[in-house]
Amino acid sequence: MSAQSPGEGFVDPVEGDEPLLAARVHRPSDLVRLLVGILGIAVVLAIAAFAHGTTVGLASDIRHGTGQAPDVLIKIAGLVSSIAVLLVPVAFAIERLIKRDGLRIADGVLAAVLAHGVTLATDLWVARAASDTIKDALTMPQGAGEAFTDPVHGYLAPVIAYMTAVGMTRRPRWRVALWLVLLLDALAMLVGGYTTPFSIILTVLIGWTVAYGTLYAVGSPNVRPTGQNLLAGLRRVGFQPVRAMRAEEDAELPEHSDRGRRYLVTLEEGPPLDVTVVDREQQAHGFFYRVWRRLTLRGITTRRSLQSLRQALEQEALLAYAAIAAGANAPKLIATSELGPDAVMLVYEHIGGRSLDALPDEEISDELVRSAWRQVRALQSRRIAHRRLAGDALLVDRSGNVVLTDLSGGEIAAGDLVLRMDIAQLLTTLGLRVGAERSVAAAVEVLGPDAVADCLPLLQPIALSRSTRATLRRLGRERAEREREAVLAASKAAKEARERAAHPPVAEEAPEAAAAEPATAETSAAAAAGPKVVAKSVKREKAERKAEKRALDEALEEAREEDLLSQIRRQVLLIRPQAPVEPARLERIRPRTLVSFIAGAFAAYFLLSQLTHIDFAKVIDDAQWGWVAVALAFSVLSYFAAAMSLLGFVPERVPFLKTVLAQVAGSFVKLVAPAAVGGVALNTRFLQRSGVRPGLAVASVGASQLFGLGSHILLLLSFGYLTGTEKTPEMTPSRTVIAGLLTVAVLVLVVTAVPFLRKFVVTRVRALFAGVVPRMLDVLQRPQKLLTGIGGMLLLTASFVMCLDASLRAFGGGATVSYASIAVVFLAGNALGSAAPTPGGVGAVETTLTFGLIAVGVDKEIALSAVLLFRLMTFWLPVLPGWLSFNHLTRKGAL
């Protein structure tokens, strides 16, 4: 942009550099309001469904209270509100069109149309499918017939959606008019008996929710201040800017998205300025992450998840002044100002320099590391927490001093826990650049050994920043890849050495006859020696295997690298051996726990809703106890089959009965972990304790799981085909099987076509082939082991199918269903149970098995009783023996 003479009577454009802003933006705040609205609608419907007495009492109290109002006043209010509901939106539309803001009117019209459609769908659902309690809460009878009022007002919800989408609620005068009209209209309809309180609330929520859903979907007009707005704002606070350059930042990182846009501003006179601009859209970025951290981390106070612009401005200004007052090197704040209603700016003195992330390793000296620790010591002396001591927040100026930037997320009067988290974060940040030894040494020199030792319980990934955790995960993957490559190379070298020893090269110069004679003599001697030669060969093979295993162990030990956090702990313990090392419990709740709780709640609701229709006394009287005993016998047999299926993929010698006990112990583990996770972890631990090397134990369990998955799919397709041909002599497969195969084919094509998915799958498959497939090749060389594994898997499936069949026959329902149909139902239920996040697949398995049995022709009551008996035999009843087995194996050191 060109600069003009400042002597003219208006603000001239000056030079600037600003990336082109998008015309529309998808505001996270709109998404938050959409989710809050959906939650509000769900709460209203839940109250209407389960709190019938409350809804009736509230409606009665409101009618009684408003019934005292004069009729003339009510009629006037109804007439005025009916007219105003239409006039207010039209007046605002005219005002917007005069100001050439037609896009907002288009957004409002779209939101009104969508809201009208949602109201029609809601009215139809309430009339035809909703429960009687919801109908009573949302409608009122009209006259002597069966006519009822509308559950949602078809004209009011679109008006609310329109006025919200066009932005009337952000303008004080129009907002007052809006709420006055809504209150008058609601009062008139309530007193006149045309609606209920919950209908009014639901109408407002639907209009509000649809409006913000529309705004988030199509985007809102971008009101972010541009570089020109920034320069004009700087002139208003007394500066004379010449040029504004946008600072380069990685805006894709989640931790950078809410920090504001940063500019380097050149003045007509004096040093340049660093300016940070914070607007509403950027401030809302990372909202869900901050909420999740606030919910999951215990004992840590954080700033509000969604602050106002004024609060954000005041907090960052306060921290900037407090850091300088504490003696730390921090940018000096010299001015603040608003840039209109949707943005603020903070003006700092320009420091210059480079961030720690931008410095090459050779320029990071010990003095620079100590300088970083001195800044943290200064902050902690006044109990100030930085909370973001990552590499990009440590600026190294031209004199080599460290300056702490990005103080917007810090805390004043911070607690001990947060202060120790800062030390743990900086130890890790510096350790990533200079190593654990130099980082710890500088920290001990500046802070003292006690302060550093106290942070060890917090030296865990959850206490670190997102970018640091991502870096540690990447380094962990690289470290695991190097270890795997070293082990594979050692394994390959050992096999080649064994092959060379078994087949030594024959000298070329030896005549054929001469070569044949020793061979014949050796063969005759071997035949004469008989069993001795065989015994020596077996011993030699065992010795070679031991040597190969020893070589693999040595290769893994040489390749094993300590992760950075372990290195830091070791360095601190060298200085303070008595330092606490047990990690502090920082997580209040884990994602897996939350998912399991939600899924378990749904499962409990399903089971309770089904169990209320069952007469357990009648079920017990009608049960055939002989078939119950048969079901119990097949349940017991399944544990022996599971032990066979595992040992078939373990070339090493492992006691069979202990393996059976481990499978029984898995019944207890499944109660507290998802089915697909608990069994794998327990079997891996059991094999390691039984003498199998950790890498081979993981590979053996992985091979068993991989082979089990393949056999599960083949059996499901085979029994599905048989189920489809039971009533078709021409042996045509069922349409369900064909649809399933086509679905799988489409998914494979989609994965192959999308680069991200293809890379994800290839990475996982490569990791699988690196460990599991070589183990399977070892098993293939031992046919007896392979037959044991395959036989165990088939016997395991057969045991569960026969147990389910016996459960059906116990209630008189198994004679009419084929074994193929029962097998398909069990295999589908087992697959869904393994994928479900609930412990043991609770809820998912019961639902799938029940609906599956009903689909193949079993009566509903019999199907539910049989499924409950089947789950009792295979999941709930083995819990106590599983707990006893788990404790026994733990005491014996087998787990």
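Think of each chain on its own: its residues are numbered from 1, step by step along the sequence as written. Reporting in this predicted model follows two pLDDT cut-offs: at least 70 for local features of residues, and 80 or more for side-chain atom pairs to be given and counted; totals over whole chains, interfaces and linings ignore these cut-offs and use all residues. To obtain the side-chain values, all non-hydrogen atoms of the structure were included, while hydrogens and water were left out.

Here we come to the overall build of the protein chain. When helices and strands are counted, the protein chain shows 33 helices and 13 strands. Across the 895 residues in the protein chain, those meeting the buried criterion constitute 42%. Note on contacts: a residue pair is in contact if any heavy atoms of the two residues lie within 4.5 Å. Contacts spanning at least 24 positions in sequence make up 76% of the contacts within the protein chain whose residues lie at least 6 apart. The Shrake-Rupley method, run with a 1.4 Å probe sphere, supplies the accessible areas, and residue values consider only the shown protein chains as cover. Accessible surface computed for the protein chain: about 46,800 Å², of which carbon and sulfur atoms make up 64%. Starting at the N terminus, helices and strands are each numbered in turn, a helix being any DSSP run of H or I of at least four residues and a strand any DSSP run of E of at least two. Here's how the labels work: a residue is buried when its accessible area is under 20% of the maximum for its type, exposed when over 50%, partly exposed in between, all with a 1.4 Å probe on protein chains only.

Okay, the packing of aromatic side chains next. Here a Phe, Tyr or Trp ring, Trp counted by its six-membered ring, pairs with any other such ring whose centre lies within 6.5 Å, and the pair is stacked when the planes are under 30 degrees apart, edge-to-face when over 60, and tilted otherwise. Applying the stated criterion to the full structure yields six aromatic pairs. Their ring planes at 75 degrees and their centres at 6.4 Å tell us that Phe800 and Phe870 sit as a pair that is edge-to-face. Of this pair, Phe800 sits in helix α29 (residues 783-810) while Phe870 sits in helix α32 (residues 860-876), placing them 70 residues apart in sequence. Put simply, the rings of Phe800, Phe826 and Phe870 pair up and form one aromatic cluster.

As a further point, take the pairing of strand β7 (residues 333-338). For two strands to be treated as a pair, DSSP must find at least two bridges joining them. Here five bridges tie β7 to strand β8 (residues 343-349), and the two strands are oriented antiparallel to one another. In the sheet register, Thr336 faces β8, and the bridge partner there is Leu346. Counted along the chain from β7 to the antiparallel partner β8, the turn is four residues long, and its residue Gly340 has a positive phi close to 85 degrees.

The salt bridge definition used is simple: a Lys or Arg side-chain nitrogen within 4 Å of an Asp or Glu carboxyl oxygen. Summed over the entire model, instances satisfying the criterion amount to 16 salt bridges. Between Glu367 and Arg370 there is a salt bridge, and its shortest N-O distance comes to 3.2 Å. Of this pair, Glu367 and Arg370 are both found in helix α13 (residues 366-381), three residues apart, which corresponds to roughly one turn of the helix. Taking the relative accessible area as the measure of exposure, Glu367 reaches 41% and is therefore partly exposed. Note that Asp450 and Arg576 form a salt bridge whose closest N and O atoms lie 3.0 Å from each other. Here Arg576 lies in the loop between α20 (564-575) and α21 (591-611) and Asp450 lies in helix α16 (residues 449-454), a separation of 126 residues in the sequence. Exposure remark for Asp450: the relative accessible area of 46% places this residue in the partly exposed category. Its relative accessible area of 24% is what places Arg576 among the partly exposed residues. It is possible to trace a salt-bridge network through shared partners that takes in Glu367, Arg370, Arg374 and Glu445.

The predicted model of the protein chain has a mean per-residue pLDDT of 75, with 65% of residues at 70 or higher. Predicted confidence is poor over residues 1-17, with pLDDT under 50, and the contacts of this stretch with residues over four places away or in other chains come to 28 contacts. The predictor reports its confidence for every residue as pLDDT, a score running from 0 up to 100. For the stretch residues 250-256, pLDDT sits under 50, and the model shows eight contacts to residues farther than four places along the chain or on other chains.

Now for the sheet that holds strand β12 (residues 402-404). Spatially, the three strands line up as an open sheet ordered β9-β11-β12, and their pairing is antiparallel. Two strands bound the open sheet, and with one partner strand each, they are β9 (354-355) and β12. Alignment of β9 against strand β11 (residues 394-396), held across two bridges, turns out to be antiparallel. What sits directly across from Arg354, in β11, is Val396. Running over the sheet, α13 touches β11 and β12 and is turned about 35 degrees from β12. Note on definitions: angles span 0 to 180 degrees between N-to-C directions of axes, and those axes are lines fitted to C-alpha atoms, for helices only across the stretch in contact.

Right, let's get into the nonpolar core. Burial of nonpolar side chains together is a common tendency in soluble globular proteins. Trp373, Leu427 and Ile568 are the most contacted members of the largest nonpolar core, which has 48 residues in total. Ignoring sequence-local partners within four residues, the contact set of Ile568 consists of Leu427, Thr428, Ala436, Val440 and Leu459. Buried Ala, Val, Leu, Ile, Met, Phe, Trp, Tyr and Cys residues form a nonpolar core when they are joined through side-chain atoms within 4.5 Å.

In this fold, Glu861 is placed in helix α32. Classification of Glu861 as partly exposed rests on a relative accessible area of 47%.

On to the packing of helix α14 (residues 416-434) against helix α15 (residues 436-447), then. With their axes 7 Å apart at the nearest point, α14 and α15 run at an angle of 140 degrees to one another. Looking at the two axes, α14 sits oblique to α15. The way α14 lies across α15 gives a crossing that is right-handed. Residue-level inspection shows Ile423, Leu426, Leu427, Leu430, Gly431 and Val434 of α14 in contact with α15, the latter providing Ala436, Arg438, Ser439, Val440, Ala443 and Leu447. Each residue gets one of three labels, nonpolar for Ala, Val, Leu, Ile, Met, Phe, Trp, Tyr, Cys and Pro, charged for Asp, Glu, Lys and Arg, and polar for the others, Gly among them. Of the residues in the contact of α14 with α15, the class split is nine nonpolar, two polar and one charged. These descriptions rest on fixed angle ranges, namely under 35 degrees for roughly parallel, over 145 for roughly antiparallel, 65 to 115 for roughly perpendicular, and the rest for oblique. Crossing chirality is assigned from the near helix's rotation relative to the far helix, an anticlockwise turn below a right angle marking it left-handed and a clockwise turn marking it right-handed.

What follows concerns the environment of Glu316. Examined against the element boundaries, Glu316 turns out to sit in helix α12 (residues 309-325). Given the relative accessible area of 10%, Glu316 is considered buried. For the pair formed by Glu316 and Leu407, sequence separation is 91 residues and the distance between their alpha carbons is 6.4 Å.

Bringing the side chain of Thr429 into the picture now. Looking at the element boundaries, Thr429 is found in helix α14. Residue class for Thr429 comes out buried when judged on its relative accessible area of 6%. Nitrogen and oxygen atoms within 3.5 Å of one another constitute a polar contact, given that in protein one can donate a hydrogen and the other can accept it, and given that sequence-neighbouring residues count only through two side-chain atoms. Among the polar contacts listed, one links the side chain of Thr429 to the backbone oxygen of Leu389, at a separation of 2.8 Å.

Moving on, we come to a nonpolar patch on the surface. Think of a patch as exposed residues, more than 30% relative accessible area, with no salt bridge, where like charges cluster within 9 Å and nonpolar side chains (Val, Leu, Ile, Met, Phe, Trp, Tyr) cluster within 5 Å. A surface patch of nonpolar side chains, about 780 Å² in accessible area, is lined by Leu632, Val636, Leu637, Phe640, Phe656, Leu657, Leu872, Trp876 and Leu877. Listing elements by their share of the nonpolar patch, those giving two or more residues are α23 (625-647), α24 (656-669) and α32. For the nonpolar patch, the element with the most residues is α23, which contributes four residues. Along the chain, the position of Leu872 falls in helix α32.

On to the pairing of β8, then. Summarising burial for β8: six of the seven residues are buried, a large majority. The pairing of strand β6 (residues 273-279) with β8 spans seven bridges and is antiparallel. Note on β8: the bridge partner recorded for Val278 is Val344.

Our focus in this paragraph is α13. Under the convention used throughout, the expected extent of a helix is 1.5 Å for every residue step, that is, one less than its residue count. In this model α13 runs 22 Å from its N-terminal to its C-terminal C-alpha over 16 residues, within 8% of the 22 Å that 1.5 Å per residue would give. Those residues of α13 lying buried are Leu368, Val369, Ser371, Ala372, Trp373, Gln375, Val376, Ala378, Leu379 and Gln380. Close packing links the buried residues of α13 with α12, β10 (384-385), β11, β12, α14 and α15. Two residues or fewer after α13 comes Arg383, characterised by a positive phi angle close to 55 degrees.

A word on the side chain of Asn683. Inspection of the secondary structure puts Asn683 in helix α25 (residues 675-689). Note on Asn683: relative accessible area 9%, which makes it buried. There is a polar contact of 3.0 Å between the side chain of Asn683 and the side chain of Gln663. Setting aside anything within four residues of it in sequence, one finds Asn683 in contact with Leu646, Gln663 and Val701.

Turning to unusual backbone geometry, a few remarks are in order. Negative phi characterises most residues that are not glycine, and trans characterises most peptide bonds. Backbone geometry places Arg387, a non-glycine residue, at a positive phi of 75 degrees. The class for Arg387 is partly exposed, based on a relative accessible area of 23%. Positive phi outside glycine occurs at Ala413, with the angle close to 55 degrees. Relative to the helices and strands, Ala413 is located in the loop between β13 (411-412) and α14. Exposure remark for Ala413: the relative accessible area of 63% places this residue in the exposed category.

A few words on α32. With 17 residues, α32 extends 22 Å from end C-alpha to end C-alpha; this agrees with the ideal 24 Å at 1.5 Å per step. All of the buried residues in α32 are Ala863, Leu864, Ser865, Ala866, Val867, Leu869, Phe870, Arg871, Met873, Thr874 and Phe875.

Okay, the packing of α23 against α24 next. Contact geometry for α23 and α24: axes closest at 8 Å, N-to-C directions at 115 degrees. It follows from the interaxial angle that α23 and α24 lie roughly perpendicular. Note on packing geometry: the crossing formed by α23 with α24 is right-handed. Counting all contacts with α23, which are made through Tyr639, Phe640, Ala642, Ala643, Met644, Leu646 and Leu647, the residues of α24 involved are Phe656, Thr659, Val660, Gln663, Val664 and Ser667. Of the residues belonging to the contact of α23 with α24, the class tally is 10 nonpolar, three polar and no charged.

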